[in-house]
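Structural overview for review
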Amino acid sequence: MRKPVIAANWKMNGSLELCEHFARNLVRPEYADVWVFPTALHLGLLTDSFRDSVVSTGAQNVWCEPDGAYTGEISATMIGTLGARLALVGHSERRAMFGDTDHLVAKKFKKIIDAGLVPLLCVGETLEERESGLASEAVQRQLDAVEEAWDLPVYSHEAIAYEPVWAIGTGKAATAETAQEMQALIRDHVDRKGTGQGQTVRILYGGSVKASNAPELIAQNDIDGFLVGGASLDVDEFNQICEAVKG
Ligand code: PGA
């Protein structure tokens, strides 16, 4: 039985007021892990607010060195010293807009592990890849890039997020069937080396998740939770999504 994960990706949104409101009103479920990824600016505050609770916090991005002359960047080691436990890596917005290639994602992934944090690797195909029948290849390439770079069992690290790029921020979530098909494929891909990790890794779905579509999505065998962007900025809606994953 895989414990569900509901993760909030605030992207470049949020304020001190939202942090306080969110910390005060978030219902802390016992049946699921709740992970919150605010901006780096708000990470310390939220980490303190959720200390000694079931809610874990993480960074949306890190650089792939522990310290040095990298103006504007933050290392995984620094995130760890705040008391945060997680870091997103490979989010499609970073891949598309900030030059996070498969190679760079692999480097960041390794640094996150070296710093003692849990990476949440995001994978997903673009619309073009889907329309040309290359969705599975794209996702497998993204997984393999990390695994092959370091010979790391990528999948022992708690969770992977499947986020089709065409579903992110568009209001057009993947259908439950499409998400299930891709997530089953990811699980099979994980299992192909016979490590058994395919059965334990939690595979989250992300892309226009809302309280209204969460029940149908979570009912699928291979959807173990959600990575929620826009809808996570509204704590009431986020609480409803958490409620939806209750078994
Ligand atoms: P969305 O974003 O829920 O706003 O589509 C999901 C994500 O990018 O993680």
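Right, let's walk through the structure included here. These numbers were taken from a predicted model, which means no experiment stands behind them.

Observations concerning the packing of aromatic side chains
Scanning the entire structure with this criterion turns up four aromatic pairs. Ring plane angle 55° and centroid distance 6.4 Å describe the contact between Y162 and Y205, whose orientation is recorded as tilted. Of this pair, Y162 sits in strand β6 (residues 159-162) while Y205 sits in strand β7 (residues 202-206); the two residues are 43 residues apart in sequence, bridging distant segments of the chain. A residue is classified by how much of its surface remains accessible, and Y162, at 0% relative accessible area, is buried. Counting every residue linked through ring pairs, the aromatic cluster contains W10, F22 and F238.

Points about the site of the ligand
Within the structure, the ligand sits among 13 residues, and K11, H91, E163, G169 and S208 are positioned closest to it. G169 is positioned such that a nitrogen or oxygen atom in its backbone is 2.7 Å from an oxygen atom of the ligand. Protein contact buries 96% of the 280 Å² of open area that the ligand shows by itself.

Considerations on the pattern of salt bridges
A complete count under the given rule lists 19 salt bridges for this structure. With a closest N to O distance of 3.3 Å, D100 and R94 form a salt bridge. We note that D100, like R94, is buried. Residue D100 is joined to K108 by a salt bridge in which the shortest nitrogen-to-oxygen separation is 3.1 Å. Like D100, the residue K108 is buried in the burial classification. Connected through salt bridges with shared partners, the residues K3, D33, R85, E158 and R202 form a single ionic network.

Examining the packing of helix α1 (residues 16-25) against helix α11 (residues 235-244)
Relative orientation of the contacting elements α1 and α11 amounts to 35°, with a least axis distance of 10 Å. Considering how the two elements wind past one another, α1 and α11 form a crossing that is right-handed. Together, H21, F22 and N25 of α1 and V235, F238 and N239 of α11 make up the contact between the two elements. Of the residues that constitute the contact of α1 with α11, the class distribution is three nonpolar, three polar and no charged.

Observations regarding the nonpolar core
Here is a general trend for soluble globular proteins: nonpolar side chains tend to be buried in one another's company. The biggest cluster of nonpolar side chains holds 61 residues, and the ones touching the most others in it are V36, I186, Y205, F226, F238 and I241. If we ignore the near neighbours within four places in the chain, the residues touching I186 are V123, V139, L143, I160, Y162 and I203. With 13 residues, the next largest nonpolar core counts A7, A159, L204 and L227 among its residues.

A word on helix α7 (residues 135-150)
Taking 1.5 Å per residue as the helical rise, α7 with its 16 residues ought to reach 22 Å, and the 24 Å between its terminal C-alpha atoms agrees with that figure. Along α7, the helix axis deviates most sharply at D144, where the bend reaches about 25°. Of the positions making up α7, those classed as buried are A135, A138, V139, Q142, L143, D144, A145, V146 and E147. Of the surrounding elements, those touching the buried residues of α7 are α4 (92-97), α5 (102-114), β5 (118-123), α6 (127-131), β6 and α8 (176-191). Just beyond α7, the residue with positive phi is D151, at close to 50°.

Some details on helix α2 (residues 40-49)
What α2 keeps buried is the set H42, L43, L46 and T47. The arc that holds the buried residues of α2, viewed along the axis, is 140°, so those residues lie on one side.

Here's the deal with the sheet that holds strand β1 (residues 5-9)
Judged by pairing direction, the barrel is parallel, and its eight strands sit side by side in the order β1-β2-β3-β4-β5-β6-β7-β8 before closing back on the first. Put simply, the sheet's adjacent strands are angled 25° from each other on average, direction ignored. Of the pairings in the sheet, the one linking β6 to β7 comprises four bridges and is parallel in character. Residue pairing across strands places A159 opposite R202, the latter belonging to β7.

Rules and cut-offs
- Residues numbered from 1 in each chain as written.
- Predicted model: local features only at pLDDT ≥ 70, side-chain atom pairs only at ≥ 80, totals over all residues.
- Heavy atoms only, no water.
- Phe/Tyr/Trp six-rings, centres within 6.5 Å; stacked < 30°, edge-to-face > 60°.
- Helix = DSSP H or I, 4+ residues; strand = E, 2+ residues; numbered from the N terminus.
- Buried < 20%, exposed > 50% of the residue type's maximum accessible area, 1.4 Å probe, protein only.
- Near = heavy atom within 4 Å.
- Polar contact = N/O pair within 3.5 Å; in protein donor to acceptor, adjacent residues only side chain to side chain.
- Areas by Shrake-Rupley, 256 points an atom, 1.4 Å probe, with all protein chains shown as cover.
- Salt bridge = Lys/Arg side-chain N within 4 Å of Asp/Glu carboxyl O.
- Axes fitted to C-alpha atoms, helices over the stretch in contact; angles between N-to-C directions.
- Left-handed = near helix turned anticlockwise from the far one by under 90°.
- Contact = heavy atoms within 4.5 Å.
- Nonpolar A, V, L, I, M, F, W, Y, C, P; charged D, E, K, R; others polar.
- Core = buried A, V, L, I, M, F, W, Y, C linked by side-chain atoms within 4.5 Å.
- Expected span 1.5 Å × (residues − 1).
- Bend = angle between axes of the 7 residues up to and from the residue.
- Arc of directions from axis to C-beta.
- Pairing = 2+ DSSP bridges.

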